[in-house]
Amino acid sequence: MISDTLFTELSSVLEGRFTRSKSDLDQHGQSETWFPLTPPEAVAYPETTEEVAALMKLCHAHDIPVTGFGAGTSLEGQTLAIHGGIVVDFSRMNRVLRINDADMDVVVQPGVTREALNVELRTTGLMFPVDPGANASLGGMAMTRASGTTAVKYGTMRDNVIGLEVVLADGTIVRTGSRARKSAAGYDLTALMVGSEGTLGLITELTLRLHGQPEAVSAAVCAFDEMGPAVEAVIATIQIGLPMARIEFLDADSVNAVNLYSGSDFPLKPHLFVEFNGSEQAVSEQVDLFGEIVHDFGGSDFNWATKAEDRTALWTMRHHAYWACLALKKGAKAVVTDICVPISKLAQAVEETAEDIKASPLDGPILGHVGDGNFHAILLVDPNDEAEIKEAKRLAHLMAERALRLGGTITGEHGIGMGKKSLMIEEHGEAWAMMGAIKAALDPKNILNPGKIVP
């Protein structure tokens with residue numbers, strides 16, 4: 001518990017940006033998915049690394065749990081303060097500190113969102129491509145090792161974070177990585193922090209890799225009569241090395257949801273949403289080759305979106321698919337789960353998952369970033385119906401077991417949080433205990449986001 005004396009001391013460190021307001025607590029106790037309201041005891045709004053360090057020193061001295069918070073868009077309860085304590089909201093640490101055009105990198109504070117960064121980069125000819133759909137904070141994206149629609153070409157946050165400034169549990173400030181494109185100097189601590197979900201430290205600065213804005217971009221949608229051929233077309237595309245910028249799959253239920261939510265009129269069939277970028281000639285060649293693949297697998301003709309505003313509308317519909325699926329059931333929440341499998345096993349994984357959901361009383365549209373073998377099931381539940389939540393968890397567990405059986409992972413991008421913690425031993429075995437040992441070494445008092453990821 002945070003005593004009145006400690007509250008006063010913490011409030012002084014942050015110059016009044018430390019609150020117990022019920023509205024703030026409730027705002028930071030919510031999840032995007034099915035988890036119940038879990039408010040913290042207080043919320044801190046730091047503006048500098050030094051304030052974060054001072055905050056952590058006090059919390060370390062008094063054994064107060066600390067949970068980091070970006071935009072709150074994570075899906076596995078990562079930002080919920082399940083052991084009470086303080087939530088540290090990084091929304092005020094939202095400055096782009098330095099754009100290094102010549103080296104194609106940028107230094108930012110953790111509260112900068114991906115959309116805000118790309119607005120800053122508009123005149124440079126550069127962009128930050130990682131796109132999880134939501135306008136997430138870059139600190140949160142790093143901590144959950146986010147990816148999204150563009151990962152098939154540009155990689156995940158693991159591939160695009162090259163350096164960090166991190167505050168450890170006892171308030172120590174460390175820097176990991178550098179602006180060099182490679183290094184052989186010791187353990188890769190940047191990679192260790194990326195995906196750690198705030199259990200090892202709090203990110204206060206990121207150095208990110210940038211990419212050139214493409215000369216030409218073309219996006220399209222096409223329909224298939226059955227799910228299997230659509231996924232097989234994806235597999236064939238990846239196996240021949242066609243450089244897709246995005247290749248997304250929506251099953252018929254997802255398409256129906258998108259139609260109802262966005263006012264579109266796609267046929268009620270499985271669809272692929274695709275995008276190509278590069279030079280004019282390269283894009284033209286990619287489009288022609290992909291068209292041949294789609295034709296071979298029985299797909300329809302493309303509906304093209306070559307104008308920027310049309311592409312924006314198309315991808316906005318895709319990014320809003322989660323909310324569209326929620327709207328299918330009044331008052332619904334979702335157990336949103338994802339798995340990632342080797343590309344050769346993708347069709348099997350998707351079809352078996354669809355069969356499980358079909359045999360269940362729950363609705364569960366399937367969609368995903370299938371270009372890298374990653375897909376999601378949005379399992380719709382009444383948040384007050386324990387039987388429905390139990391059934392959704394059963395289906396999610398079946399998906400996870402299937403992924404492991406096929407050589408994959410229990411999550412490609414959502415992370416672990418507390419939602420998938422029980423599955424970690426199945427994927428990692430003794431290596432999970434090793435993760436716990438690393439956590440104990442860096443955070444012996446277990447005050448950083450306790451109850452998440454590790455044993």
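Just so it is clear, the model here is predicted, and its values are computed rather than measured.

*Asks:* Where do I start with the sheet that holds strand β14 (residues 271-278) in this structure?
*Replies:* The pairing of strands in a sheet comes from backbone hydrogen bonds and takes either a parallel or an antiparallel form. In space, the 7 strands of this open sheet follow the order β15-β12-β14-β13-β17-β18-β16, with antiparallel pairing throughout. On the outer flanks of this sheet lie β15 (303-305) and β16 (333-340), each paired with one strand and no other. Geometrically, the sheet is characterised by an average inter-axis angle of 20° between neighbouring strands, direction not taken into account. Sheet topology places strand β17 (residues 366-368) next to strand β18 (residues 374-381); 2 bridges connect them, and they run antiparallel. Bridge pairing links I366 to A377 in β18. Sheet strands in contact with helix α10 (residues 252-262) are β13 (246-250), β14 and β17, and its direction is about 95° off that of β13.

*Asks:* Would you explain the side chain of T67 in this entry?
*Replies:* Counting through the fold element by element, T67 comes out in strand β3 (residues 66-69). Note on T67: relative accessible area 2%, which makes it buried.

*Asks:* I'm lost on the nonpolar core in this one. Help?
*Replies:* Note that soluble globular proteins tend to have their nonpolar side chains buried in a common cluster. Judged by nonpolar contacts, the single largest core of 48 residues is most densely connected at F249, L272, F290, L346 and F375. Inspection of this core shows a minimum of three residues originating in each of domain 1 (4-89) and domain 3 (217-406). Ignoring sequence-local partners within four residues, the contact set of L272 consists of A220, V221, C222, F224, A230, A233, V234, E248, F249 and F290. Counting 26 residues, the second largest nonpolar core, distinct from the first, contains V106, F128, A136 and L200.

*Asks:* Sorry, what's going on with the layout of surface pockets here?
*Replies:* Rolled over the atoms, a probe with the dimensions of a water molecule shows which regions are left empty. Its volume calculated, the second largest pocket comes out at about 880 Å³. Those elements giving two or more residues to the lining of the second largest pocket turn out to be α7 (157-160), α8 (189-193), α16 (424-428) and α17 (430-442). Here the element with the most residues in the lining of the second largest pocket is α17; it accounts for 5 residues. Here the lining of the second largest pocket is composed, by residue class, of 15 nonpolar, 13 polar and 8 charged. Built from parts of two domains, the lining of the second largest pocket gets at least three residues from each of domain 2 (96-212) and domain 3 (217-406).

*Asks:* Would you mind going over α10 with me for this structure?
*Replies:* Given 3.6 residues per turn, any residue in an α-helix points the same way as the ones three and four places further on. Buried within α10 are the following residues: S254, V255, A257, V258 and N259. Turning to α10, the residues buried within the fold contact β13, β14, α12 (308-319), α13 (321-326) and β17.

*Asks:* Just checking my understanding: could you explain the packing of aromatic side chains for this structure?
*Replies:* Here a ring pair, both rings aromatic, is described through the centre-centre distance and the interplanar angle of the planes. Under the counting rule described, the total for this entry stands at 9 aromatic pairs. Ring plane angle 50° and centroid distance 4.8 Å describe the contact between F302 and W304, whose orientation is recorded as tilted. The structure contains a cluster of three or more aromatic residues connected by ring pairs, namely F276, F290, F302 and W304. The ring of Y45 carries R92 above its face, with NZ or CZ at 5.6 Å from the centroid.

*Asks:* So what exactly am I meant to see when it comes to the domain arrangement of the protein chain here?
*Replies:* One frequently used descriptor of interface size is the decrease in accessible area upon assembly of the parts. When its domains are assigned, the protein chain resolves into domain 1 (4-89), domain 2 (96-212) and domain 3 (217-406). Put simply, the middle of domain 1 and the middle of domain 2, counted by C-alpha atoms, are 22 Å apart. The interface of domain 1 with domain 2 comprises 14 residues on the first partner and 16 residues on the second. With both chains or domains summed, domain 1 and domain 2 bury close to 1,200 Å², and 69% of this area falls on carbon and sulfur atoms. On the surface where domain 1 and domain 2 come into contact, there are 0 salt bridges. Here domain 1 is connected to domain 2 by 3 residue pairs in polar contact (both at pLDDT 80 or more). Those elements giving two or more residues to the side of domain 1 that touches domain 2 turn out to be α3 (49-62) and β3. Here the side of domain 1 that touches domain 2 takes 6 residues from α3, the largest share from any one element.

Analysis parameters
Residues numbered from 1 in each chain as written. Predicted model: local features only at pLDDT ≥ 70, side-chain atom pairs only at ≥ 80, totals over all residues. Heavy atoms only, no water. Pairing = 2+ DSSP bridges. Helix = DSSP H or I, 4+ residues; strand = E, 2+ residues; numbered from the N terminus. Axes fitted to C-alpha atoms, helices over the stretch in contact; angles between N-to-C directions. Contact = heavy atoms within 4.5 Å. Buried < 20%, exposed > 50% of the residue type's maximum accessible area, 1.4 Å probe, protein only. Core = buried A, V, L, I, M, F, W, Y, C linked by side-chain atoms within 4.5 Å. Domains from an automatic or database assignment. 1 Å grid on protein atoms, 1.4 Å probe; cavity = no way out; pocket = protein on both sides within 12 Å on 5 of 7 lines; lining within 4 Å. Points joined across faces, edges and corners; volume = space filled by probe spheres on them. Nonpolar A, V, L, I, M, F, W, Y, C, P; charged D, E, K, R; others polar. Phe/Tyr/Trp six-rings, centres within 6.5 Å; stacked < 30°, edge-to-face > 60°. Lys NZ or Arg CZ within 6 Å of the ring centre and 35° of its normal. Buried area = accessible area lost by both parts, 1.4 Å probe. Salt bridge = Lys/Arg side-chain N within 4 Å of Asp/Glu carboxyl O. Polar contact = N/O pair within 3.5 Å; in protein donor to acceptor, adjacent residues only side chain to side chain.

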